[in-house]
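Structural features, examined
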Amino acid sequence: MNISLHLVPIVSLIAGILILIMPRLLSTIVAIYLIMVGLVGLFGSGNFLR
């Protein structure tokens, strides 16, 4: 399950670069980031279904 822990920093880095390049995407990128962090938090550890 270490893959899910490495996913968040990579997504954060990509989101930060995209925000620097295209500031208009800020709200969309933040929304996608929050959804992804929530999904990793719920399903990443596998404890949600147990």
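Description of the structure in this document. Model, not experiment: these values are computed from the prediction.

Here we look at the overall build of the protein
Helix and strand counts for the protein stand at 2 helices and 0 strands. Buried residues in the protein amount to 12% of all 50 residues. Roughly 4200 Å² of accessible area belongs to the protein as shown, and the carbon and sulfur atoms make up 77% of that amount.

Regarding a nonpolar patch on the surface
A cluster of nonpolar side chains, contributed by I10, L13, I14, I17, L18, L20, I21 and M22, occupies part of the molecular surface with about 800 Å² of accessible area. Classification of I10 as partly exposed rests on a relative accessible area of 48%.

Scoring rules and cut-offs
- Residues numbered from 1 in each chain as written.
- Predicted model: local features only at pLDDT ≥ 70, side-chain atom pairs only at ≥ 80, totals over all residues.
- Heavy atoms only, no water.
- Helix = DSSP H or I, 4+ residues; strand = E, 2+ residues; numbered from the N terminus.
- Buried < 20%, exposed > 50% of the residue type's maximum accessible area, 1.4 Å probe, protein only.
- Areas by Shrake-Rupley, 256 points an atom, 1.4 Å probe, with all protein chains shown as cover.
- Patch = residues over 30% accessible without salt bridge, like charges linked within 9 Å, V, L, I, M, F, W, Y side chains within 5 Å.
- Salt bridge = Lys/Arg side-chain N within 4 Å of Asp/Glu carboxyl O.

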